[in-house]
Amino acid sequence: MGVLPVPAEGRAILLDIEGTTTPIAFVQDTLFPYIKDNIKEYLRAHWEEEECQRDVGLLRKQALEDSSLDGVVPIPLESGSGEEEMERVIQAVVDNVRWQMSLDRKTTALKQLQGHMWRAAYATGHVKGEVFEDVVPAIRKWREAGMKIYIYSSGSVEAQKLLFGYSTEGDILELFDGHFDTKIGPKVESESYRRIAESIGCATNNILFLTDVPREANAAEEADTHVAVVIRPGNAGLTDDEKSYYSLISSFTELFLPSST
């Protein structure tokens, strides 16, 4: 793949996380299994806390909205007190969350509970965010060359900050000038990249977006954003047409900034 020059008008680099800065396996083999394996214990430990009850309330509301779907698990209200009643409701929450995750759903209710569980896991050292070894040295070089660095991920801004704040490289949040999630818009819609450019105060063609997903790359290109597709171990394969069309890199070290020489 060789060296890829950053466009001369480049002022900012926008980074995807999963499959770009971070192995897909970390999300699939560490983060999601942590939720499934620890949700009951987490709920028992935090059940009386206001935050946990808000999370359960959102999940209960979502279950009502999902009532027509096959396999949905309703979450009853606690009709009394006592440990047996609490366990009955907790088990319903556990079953509902596992059902949603089995369908790879992205509901706000599910993401909120997951975010709070991951926050606890990071803070206690049970989980550390993985980043590829080329990521931190490359970003430091880009910043020294005057580039601004932003994150754009489907995961919430809170989840992004946890991953980079408790990473295998330590707290690296200082490397990023800002974070965006799907509140700014879906990653497969070109308008999202126009909103990001407006938010950071530059033109879309001042941004280079790095992602492993061609549909996201295509949406960014439609907004006149520069794009490179990242090839990492475990990422989905590209078609021959995609390989020939997109600029490809397998490491952040392959990006060349003329201004840094």
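All values reported here derive from a predicted model rather than from experimental measurement.

J.: Hey, could you go over the nonpolar core for me, with residue numbers and the actual values?
T.: It is characteristic of soluble globular proteins that their nonpolar side chains tend to be buried jointly. Counting residues in each nonpolar core, the largest one holds 58 residues, and the members touching the most others are Leu15, Leu43, Trp142 and Leu210. At nine residues, helix α1 (residues 24-46) tops the list of elements feeding residues into this core. Split by domain, the residues of this core number at least three in each of domain 1 (12-22 + 129-254) and domain 2 (28-124). In contact with Trp142, other than residues within four places in its own chain, are Ile13, Leu15, Met147, Ile149, Leu210, Phe252, Leu255 and Leu257. In this structure, Ala12, Leu14, Val229 and Leu248 belong to the second largest nonpolar core, which totals 20 residues.

J.: Outline the side chain of Asn235, listing residues and values.
T.: Inspection of the secondary structure assignment puts Asn235 in the loop between β6 (226-230) and α9 (240-245). Separated by 2.9 Å, the side chain of Asn235 and the backbone oxygen of Gly19 make a polar contact. Apart from the residues within four sequence positions on either side, Asn235 is in contact with Gly19, Ile24, Asp212 and Val230.

J.: If you had to explain unusual backbone geometry to someone new, which residues and values would you point to?
T.: When glycine is set aside, most residues are seen to have a negative phi, and most peptide bonds are trans. At Asp104, a position not held by glycine, the phi torsion is positive, near 55 degrees. Tracing the sequence through the fold places Asp104 in the loop between α3 (83-102) and α4 (108-123). By relative accessible area, Asp104 is classed as partly exposed at 46%. In the Ramachandran plot, Asp224 falls in the positive-phi region, its phi being about 70 degrees despite a non-glycine side chain. The partly exposed category is assigned to Asp224, whose relative accessible area is 49%.

J.: Would you mind going over the packing of helix α2 (residues 50-65) against α4 in detail, with residue names and values included?
T.: Running from amino to carboxyl end, α2 crosses α4 at an angle of 155 degrees, the nearest separation of the two axes being 8 Å. Here α4 runs roughly antiparallel to α2, going by the angle between their axes. Handedness of the crossing formed by α2 with α4: left-handed. Where α2 approaches α4, its residues Glu51, Asp55, Leu58, Leu59 and Gln62 are matched on the opposing element by Ala109, Leu110, Gln112, Leu113, His116 and Arg119. Considering only residue class, the contact of α2 with α4 consists of five nonpolar, three polar and three charged.

Cut-offs and rules
Residues numbered from 1 in each chain as written. Predicted model: local features only at pLDDT ≥ 70, side-chain atom pairs only at ≥ 80, totals over all residues. Heavy atoms only, no water. Core = buried A, V, L, I, M, F, W, Y, C linked by side-chain atoms within 4.5 Å. Buried < 20%, exposed > 50% of the residue type's maximum accessible area, 1.4 Å probe, protein only. Helix = DSSP H or I, 4+ residues; strand = E, 2+ residues; numbered from the N terminus. Domains from an automatic or database assignment. Contact = heavy atoms within 4.5 Å. Polar contact = N/O pair within 3.5 Å; in protein donor to acceptor, adjacent residues only side chain to side chain. Axes fitted to C-alpha atoms, helices over the stretch in contact; angles between N-to-C directions. Parallel < 35°, antiparallel > 145°, perpendicular 65-115°, else oblique. Left-handed = near helix turned anticlockwise from the far one by under 90°. Nonpolar A, V, L, I, M, F, W, Y, C, P; charged D, E, K, R; others polar.

Take it as geometry only, folks, not as evidence of what the structure does.
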